[in-house]
Every structure is written in structure tokens, then in C-alpha cells.
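Structure assessment
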Amino acid sequence: MTTTDAVSCFSRLEALGLIDDEQCANAAVRPRRDDAEAMGDPARQLIWMVSQRIVSHADVVAIAQQSLNAVEDGPQRERNAVLLEVLPRLEALSASLDAQLFDALLADGLITQDQCARMKARPSTLALDSEAHALAVMVDSGVLAESGFDTLMARVESEQARDGGARRMRIMEDAHARFIAIRAVRQAVIDASQSANKRRLPVSILGAVAMLFVGYHVYAWMGAVPGCDDLSTRHTVNGMISRVVGSADPGSAGMPRLSQIREVGYAPAREQRGCSANLEVMGESIPYAYVIAPVEGKGGRFSIGGAQPALVEARFGKIGEDGDFGNKAEPIGRVQLEAAMRAALESKRSALADVMAGAAAVEAAFAGIDLDRTREIADIEPLGACRVLRGGASYACRVMVERNDPMLSMFGQPSEIVEGEFTFERAQDGKAWQVSEDFGDAFARALAESRARTERDEKNAAEES
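The rules behind each value
Residues numbered from 1 in each chain as written. Predicted model: local features only at pLDDT ≥ 70, side-chain atom pairs only at ≥ 80, totals over all residues. Heavy atoms only, no water. Helix = DSSP H or I, 4+ residues; strand = E, 2+ residues; numbered from the N terminus. Contact = heavy atoms within 4.5 Å. Areas by Shrake-Rupley, 256 points an atom, 1.4 Å probe, with all protein chains shown as cover. Salt bridge = Lys/Arg side-chain N within 4 Å of Asp/Glu carboxyl O. Buried < 20%, exposed > 50% of the residue type's maximum accessible area, 1.4 Å probe, protein only. Arc of directions from axis to C-beta. pLDDT = per-residue confidence, 0-100. Phe/Tyr/Trp six-rings, centres within 6.5 Å; stacked < 30°, edge-to-face > 60°. Core = buried A, V, L, I, M, F, W, Y, C linked by side-chain atoms within 4.5 Å. Disulfide = S-S within 2.5 Å.

1. Brief notes about the overall build of the chain
- Assigned secondary structure in the chain consists of 17 helices and 10 strands.
- Long-range pairs, those at least 24 residues apart, make up 62% of the contacts in the chain with a sequence separation of at least 6.
- Roughly 21900 Å² of accessible area belongs to the chain as shown, and the carbon and sulfur atoms make up 50% of that amount.

Following this line, the structure appears as C-alpha cells:
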């Protein structure tokens, strides 16, 4: 089989929505890409791609969970036929694929012969996708104690100058991040199961979905901005959620799904679309929102990122005549207002750097997540024009802030919305803006009021149930 034929075959998998263009290109340049047995048909080719770690087994399962439950028509019938052939064969192969990873960890000196043998003896139905993933599962299962992992991390860090040392350090760092994510999602699933009969899910399940899905997962389209309820959009968002939960806990039941999708607003000046929906899981509905926006530096491509529903409503619910966001914080301006608030908020947070490293580790377990969204202040939205206090020099502005609590973020808790009125003043240079001296107290009051309001809403909802 020629390379051209191989690429054509890969393109068929891409057309069926089983791989993306990056995976297609990656597979086309791999050694033995023209292996006739591996490339003979889409099903065998997909199995080969999983065995080469180009596509994860969890990705295939996530796609199947959506596709096999949908009404068949045209290409979907072919896609389902491929999946029905691939799924049982991948499950049968998962143990041998995992064994390759444990052997690699042993060869790298990261695990012992006994640990390798114990992991190979464990049943496997979902192939792990990397050495780091395999190492994280070993820690989670107790085959490698957490204290032993810490000792191993220290040793690998001290050996970075040796051949392959940097690569082994990357494996360790990725394994640590994945272990934190596995624990966060599993706890969320446990809490959800225990609360299945309640009207509202506990904070932990909402937190796991929010924390692990409010990132910046790039799924690209060429051309016009996709609609909130387009088939491709729904397929992408459902896949994002399923892959996050499934990769951390493959045995979890009740994968979330979107419902009641609507467009909040479209800002043509930025080519951004704000969308609102519900996440349905275990018979419960969780308010959810996402933003479709251009990928910077990738002309014509767009991505989807989860977002706080309240912030999406505030930002996209008011689009100006210029096609841009309507909340412009006049006369200060959106950019200046955000810069002033971040300067005040983030300058006092350096002592929390070590704590926030834990939250960053959670996001690092999933590729493509926007680092900005893991900051303590994830987003800022002015709520209209500012009120004059002292002409040209001082204004009171109502602002909505999305905040990640540093401690709670480590355990998958959701970001919180803080809303309040804050004073902004001209800086000494007469050009820039800064917050007033009482900003710290004002923000603390706004945080307390927002949390009290959230508690009241949750109490009322519980009483109604």
C-alpha cells in the first residue's frame, strides 16, 4: 500500500468523525503506516492507531457512547459498524497494550520487576494511553505507594542530567497530574451516586465537571463560526465531557450530556458565540455554558471552551451596535478595568503559588486546557457603564469576577462568581487606572455576599425538592 493510499484510508476515518485532522496527519507519518494488515479497512486501521497511542482507547469509547445511541443515518451507520467491530477487539487487546507500558516503565527504571508483574496480573478492559497514565494508575491502585512515588520523583529529579533524564522527569510530572485528576473525578462520581435521589447534585460533582471542563479544548472547524446547536458542536462538547470523565474513571456510569441548548449571543466583531445549556447526568440537570471562539494564530479555525453560565449571560446577553460586547465599562474601558483589577488581586496572591500548583496539576492532566483559566481570577466582566464619583478621576463600576478558590480547586471544586461595585481611580500618570485603597475590603465583602447568596439559593432549591 502506498503512502497516498494510507492517507486516503486515514481520511475515511476522519470523515466518519472517528479521528481528527491532527491524528490523521500523525498516523500518516508513522513507521509501518503502509502495513497492509493494519490498514486494510477502517476498523483495523483504528485499532492500529490505538496500539500506536495516536488515538486513546478512552476516545473511542467516548465516541461510541454518543454514536451508538443516536439515530442511524448515512455515514453514522458506517461509523457504528466500525465501532461495533473495534470495541470488543480493543477490550481484548487492552491487557497486552498496557503490558507494553509497564515494560517501558520497568526499562526506564521507574518501577520494579515485582510492581510490573503485579500490574500485568490485574484485569484490564480499557487500554492506558501513556507511561504517565500507567504510572498514575499504579499509584491510584496502591501498587506504588504515594510515599514511594514521592521518593521516586525526588530520585528522577536528581538524575535529570543523565541520558533520558528529562524525558523521565516529564513522565513523572504528567503522572502526578493525572493521579490528582483521577482522584478528583472518582470522588465526584462517588458523591453523585450517593446523591442520585436529591434534586441538586453536591458541589463536588459540579466541581469536577466544571474544573476539568472549563478549559480550552481545541476542536477546529474551517469557515464560519459553528452554531451552538450544530451537530458538530454537540458532538464535540459531549465528547469533551465524556473524555474528561472517562479518561479519569473509565468505569463511571451516567456520562453527562447536553440538553436545552440555546444561543445567548453572538459578537461578530470578535467572531465569538456564547451558548447556554444543561448538563444531564444521573437524572439531574446542571446549568452549563460554553463559548465558541477563533483559535489565535490559526486563521479560520474555531475552538470550544466551557465557561461559567452567569458570566456568559452577562457578556453575550448584551451585544453592542458595533458587534462587540456591550458591557464596555465606560469611560474606563474593558481592558483597563481588567488590568487594574488583576494588578490588585494577583499582587497579593504570591504566597499561594505552591497551593495553586496543585490546581495547575489537575488541568495539566488533560491536553489543550487554557492555563489562564486555572488562575485564581479566571475571568472578569464589567456589568455596564461606570458611575461617576469624581468627574474624570474616580468611578464606581459594577463587575462580575469568576474566581477559583486556591484550596478548593485542588479537589475539583467549581469556580465561583463574585459580583460587586468597586472604585477605580486615575493613576498618577493621568492615563492608567487603578483600584482605590479600599478595594481589598470591598472585594472581601462582595465575596462574602456572593457566597451567602449561593447558600440561600441552594437551601431554597433543597426545600422545593
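Once the structure has been displayed, the description carries forward.
2. Focus on the pattern of salt bridges
- Applying the stated criterion to the full structure yields 20 salt bridges.
- Arg167 serves as the salt-bridge partner of Asp108, at 2.6 Å between the closest nitrogen and oxygen. With a gap of 59 residues between them, Asp108 in the loop between α6 (75-107) and α7 (113-121) and Arg167 in helix α10 (residues 165-194) connect regions that are remote in the sequence.
- A relative accessible area of 16% places Asp108 in the buried class.
- The exposure class assigned to Arg167 is partly exposed, which follows from its relative accessible area of 34%.
- Several salt bridges converge on common partners, so that one network encompasses Arg315, Arg334, Asp379 and Glu381.

3. Examining α7
- Here α7 has its buried residues at Gln115, Cys116 and Met119. Angular distribution of buried residues about the axis of α7 spans 100°; they occupy a single face of the element. Seen from the open side of α7, the exposed residues pointing more than 90 degrees away from its buried face are Gln113 and Ala121.

4. Observations regarding the confidence of the model for the chain
- Scored by pLDDT, the chain has a mean of 77; 71% of the residues are at 70 or more.
- Taken as a whole, residues 348-369 scores under 50 in pLDDT and shows 43 contacts with residues more than four places along the chain or in a different chain.
- Long-range and interchain partners of residues 407-412, a stretch whose pLDDT sits below 50, account for 14 contacts in this model, where long-range means more than four residues apart.

5. As for the environment of Pro123
- Mapped onto the elements of the fold, Pro123 is located in the loop between α7 and α8 (131-141).
- Overall, the relative accessible area of 82% leaves Pro123 in the exposed class.
- Taking the C-alpha atoms as reference, Pro123 lies 9.2 Å from Ser94; in sequence the two are 29 residues apart.

6. Let's talk about helix α2 (residues 21-28)
- Among all positions of α2, only Gln23, Cys24, Ala27 and Ala28 are buried. For α2, the arc enclosing every buried residue in end-on projection is 135°, short of the 170-degree limit, so these residues lie on one face.

7. Points about the packing of aromatic side chains
- Under the definition given, this model contains 5 aromatic pairs.
- Ring geometry for Tyr395 against Trp433: centres 5.8 Å apart, planes inclined by 65°, an arrangement best described as edge-to-face. On the criterion of sequence distance, the pair formed by Tyr395 in strand β8 (residues 394-403) and Trp433 in strand β10 (residues 433-435) is long-range, its members being 38 residues apart.
- We classify Tyr395 as buried; its relative accessible area is 11%.
- Take Trp433: its relative accessible area is 8%, and that puts it in the buried class.
- The rings of Phe422, Phe439 and Phe443 are connected pair by pair, giving a single aromatic cluster.

8. Details of the nonpolar core
- In this structure, Phe102, Leu105, Leu110, Leu135, Met138, Phe149 and Met172 are the most contacted members of the largest nonpolar core, which totals 26 residues.
- If you list the elements that add at least two residues to this core, you get α6, α7, α8, α9 (146-158) and α10.
- Sequence-distant contacts of Leu110, that is, excluding residues within four places in its chain, are made with Leu105, Leu152, Arg155, Val156, Arg168, Ile171 and Met172.
- Core analysis: the second largest hydrophobic core is formed by 25 residues, Leu13, Ala43, Leu46 and Ile63 among them.

9. Here's the deal with the state of the cysteines
- Tallied over the entire structure, the rule returns 2 disulfides.
- Put simply, Cys228 and Cys275 are joined by a disulfide, and their sulfur atoms are 2.0 Å apart. Residues Cys228 and Cys275 are joined by a disulfide whose S-S torsion is about -80°; by sign, that bridge is left-handed. Of this pair, Cys228 sits in the loop between β1 (216-217) and α12 (231-248) while Cys275 sits in strand β3 (residues 272-281), placing them 47 residues apart in sequence.
- There is a disulfide in this structure between Cys386 and Cys397, and the S-S distance comes to 2.1 Å. What sets the handedness of the Cys386 and Cys397 disulfide is the S-S torsion sign, and at about 110° it is right-handed. With Cys386 in the loop between β6 (377-382) and β7 (387-390) and Cys397 in strand β8, this residue pair connects regions lying 11 residues apart in the sequence.
- Classification of Cys386 as buried rests on a relative accessible area of 13%.
- Regarding the disulfides, the chain carries the connectivity 1-2, 3-4 under sequence-order numbering of its bonded cysteines.

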